[in-house]
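If you want the building blocks of each chain, they are given just below.
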Amino acid sequence: MVMKIAVLPGDGIGPEIVAQAARVLEALRSDGLKIELEYAHIGGAGYDAAGDPFPAATEKLALAADAVLLGAVGGYQYDTLARPLRPEQGLLRIRKGLGLFANLRPAMVYPELVNASSLKPELVSGLDIMILRELTGDIYFGQPRGIRTLDNGERQGFDTMHYSESEIRRVAHVGFQIALKRAGLNGKGKMCSVDKANVLDTSMFWREIVTEVSREYPQVELSHMYVDNAAMQLVRAPKQFDVILTGNIFGDILSDEASMLTGSIGMLPSASLDANNKGLYEPCHGSAPDIAGKNIANPLATILSVAMMMRYTFLREDIAQRIETAVRKTLQQGLRTGDIAEAGMQKIGTAAMGDAVVAAL
Ligand code: IPM
Ligand code: MG
C-alpha cells in the first residue's frame, strides 16, 4: 500500500520541524515503505502564496491524501488581517473540511524528562494520559457569532456554543474505544468526561449523551468532572486520569495545561481523525515565531506525530513504536533541545535532533 501524505509546513518554526519529520519518513522510505510526500501551503504561508490561509490547491491535496502532516500556523505579520484571512482559519477549515472530529492529545512523561516538568517528579513520573478533544463543533464553529450593536447603541461580541447528539455520540464512541484499547484484554478502562454541566445546557446534554453511550461499554468506568475542577486536578494529581473526553474549547485549554506536566509542549504530538482513520497529524505547540529560523525548535513533537500517523491511519503499530523508540534513545543519549534541557546539559539544534532520531531509527 502506498502511503500518500500531504505535508503542510505552515509558518514560524513549522518548516524547520516538519523538515526533520520528513527526514524520518524518507528514512523509512529508503527502508522499503512506499511513502509519497507532497507539499502545500497553509496558514500565513497560504495567505502569502495564494491570498488564502487554506488555498484550494491545499484542500485538494489534503482531500486526496491518506494523511496530512502539519507543522504550525501563525505569525505576527498576520495579526492585523481580517479574521477570514488569519492563519488560524486555515487550521480550523482543514479540520472542519476533512471532518476531523476526534483530536487525540496524549500527555506522556518520558522518564528522561521527568525533571523538566514544573511539577514535582513524583507527581508526574510515569504519567500517561490521553486527552480526546472534540474538534469540529462547539463554540468554535457555532453560529451565529459576531460583533453587533444593541438597541441601546452598545456594541456586543457574541458566539454560540452548541453540540448536536450525533457529534457527541461519535466522539464518545472513539473515547470509549480508546479507553478499552488502553486497558488491554484484562484491565478495566477509565474515561473521565469533562464538562460544565452545572452551568451550561450544552454540557448538560453532553453529559446525558455520553452516559447513554457508556451503556455500550460496561468494561469502561465512566466518570464526569467539571472543567474547573479538572483544570485543578490535572496539576494536583494528574495520574488519576486515563482518558479525558471533552469538547472543543475545554479540550483546547486542558491540553495546553496537560502539556506542561510533561515538561515541554515541544514533546507533544497529536492526531485528528475522521470516521475512517484518515488523519491530520501535528505537534500540539504553535508556530513560535520568536524562535523561528534559528534552528533551536524541538522537532520531537512533530516526529512523534509521524509515529501517531503510522499507528492510527496506516495501522502500523510496529513502525510507530520504532519511531517512538528512536526518540527515547536520543533522549537516553542525553540529547536535548533548549526547551527540554536541564541546567548543565548540552543543547543541540533542530537539525541535530533530527539527525539523532534518524540515526537511532
Ligand atoms: C490548538 C490551537 C488552535 C485551536 C488555534 C491555533 C486555532 O490552539 O490546536 O490547540 O484553538 O484549536
Ligand atoms: Mg490550543
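Per-chain numbering applies: the sequence of each chain, read as written, is numbered from 1 onward. Labels follow written order: the first chain is A, the first ligand is 1, and so on. The predicted origin of the model limits local features to residues at a pLDDT of at least 70 and limits the giving and counting of side-chain atom pairs to 80 or more, whereas totals for whole chains, interfaces and linings rest on all residues. Values reported for side chains reflect all heavy atoms of the structure, with hydrogen atoms and water molecules removed beforehand.

(A) Here's a closer look at the layout of surface pockets. Using only the protein atoms, space was sampled on a 1 Å grid; points where a 1.4 Å probe fits but cannot get out form cavities, open sets with protein on both sides within 12 Å along at least five of seven lines form pockets, and lining residues are those with an atom within 4 Å of a point. Grid points are joined across faces, edges and corners, and a volume is the space filled by probe spheres set on the points. Size it by volume and the largest pocket reaches roughly 940 Å³. Contributing to the lining of the largest pocket are 30 residues, with Leu104, Met130, Lys181, Arg311 and Tyr312 lying nearest its centre. Under the DSSP-based scheme used, a helix requires at least four consecutive residues in state H or I and a strand at least two consecutive residues in state E, with every element numbered from the N terminus. Mapped by element, the contributors of at least two residues to the lining of the largest pocket are strand 4 (102–108), strand 5 (128–134), helix 6 (165–183), strand 11 (269–273), helix 10 (300–312) and helix 11 (317–332). Looking at side-chain class alone, the lining of the largest pocket contains 18 nonpolar, four polar and eight charged residues. Two domains each put at least three residues into the lining of the largest pocket: domain 1 (1–100 + 289–361) and domain 2 (118–262). There is about 650 Å³ of room inside the second largest pocket. Lining the second largest pocket are 31 residues; nearest its centre among them are Glu88, Leu91, Leu92, Arg95 and Tyr140. Throughout this entry, Asp, Glu, Lys and Arg are counted as charged residues, while Ala, Val, Leu, Ile, Met, Phe, Trp, Tyr, Cys and Pro are counted as nonpolar. The remaining residues, Gly among them, count as polar. Where each domain starts and ends comes from a domain assignment, either automatic or drawn from a database.

(B) Structural view of the packing of aromatic side chains. We call Phe, Tyr and Trp rings a pair once their centres come within 6.5 Å, taking the six-membered ring for Trp, and we label the pair stacked below 30 degrees between planes, edge-to-face above 60, and tilted otherwise. If you walk through the whole model with that rule in mind, you get three aromatic pairs. Centroid distance Tyr47 to Tyr78: 6.3 Å. Interplanar angle 80 degrees. Geometry classified as edge-to-face. Pair noted here: Tyr47 is in helix 2 (residues 44–50) and Tyr78 is in the loop between strand 3 (67–72) and helix 4 (87–97), with a separation of 31 residues, a long-range link. Only protein chains enter the accessibility calculation, which uses a 1.4 Å probe; a residue is then buried when its area is under 20% of its type maximum, exposed when over 50%, and partly exposed in between. Overall, the relative accessible area of 26% leaves Tyr47 in the partly exposed class. Between Tyr163 and Trp206, the ring centres sit 5.1 Å apart and the planes meet at 50 degrees, which makes this aromatic pair tilted. Remark: Trp206 occurs in helix 7 (residues 201–214) and Tyr163 occurs in the loop between strand 7 (155–158) and helix 6; sequence separation between them is 43 residues. Taken individually, Tyr163 and Trp206 each receive the classification buried, so the pair is uniform in this respect. Two thresholds decide whether a charge sits over a ring: the Lys NZ or Arg CZ must be within 6 Å of the ring centre and within 35 degrees of the ring normal. Looking at Lys96, its charged tip hangs above the ring of Phe141, at a distance of 4.8 Å from the centre. Just above the ring of Phe158 sits the side chain of Arg148; from NZ or CZ to the centre is 3.6 Å.

(C) Inspection of the site of ligand 1 at higher detail. Taken together, Glu88, Leu91, Arg95, Arg105, Arg133, Tyr140 and Asp252 make up the full set of residues near ligand 1. Here a polar contact is recorded for every N or O atom pair within 3.5 Å, except that within protein the pair must consist of a potential hydrogen donor and a potential acceptor, and residues adjacent in sequence are included only if both atoms are side-chain atoms. A distance of 2.7 Å separates an oxygen atom of ligand 1 from a polar atom in the side chain of Arg95. Arg133 places a side-chain nitrogen or oxygen 2.8 Å from an oxygen atom of ligand 1. Accessibility throughout is a Shrake-Rupley quantity obtained with a 1.4 Å probe, and a residue counts as covered only by protein chains that appear here. Starting from 320 Å² of accessible surface for ligand 1 in isolation, the protein chains cover 75%. A breakdown of the residues in the shell around ligand 1 according to their chemical character gives two nonpolar, no polar and five charged. Counting contributing residues per domain, the shell around ligand 1 is built from domain 1 (1–100 + 289–361) and domain 2 (118–262), each supplying no fewer than three. Whether a residue is near a molecule or strand depends on its heavy atoms: if one lies within 4 Å, it is near.

(D) Representation of unusual backbone geometry in the model. The omega angle of the peptide bond from Gln143 to Pro144 is 0 degrees, so this bond is cis rather than trans. Notably, Ala288 is not glycine yet its phi reads approximately 40 degrees, a positive angle. In this structure, Ala288 sits in the loop between strand 12 (279–283) and helix 10. Here Leu315, not a glycine, exhibits a phi torsion of approximately 50 degrees, which is positive.

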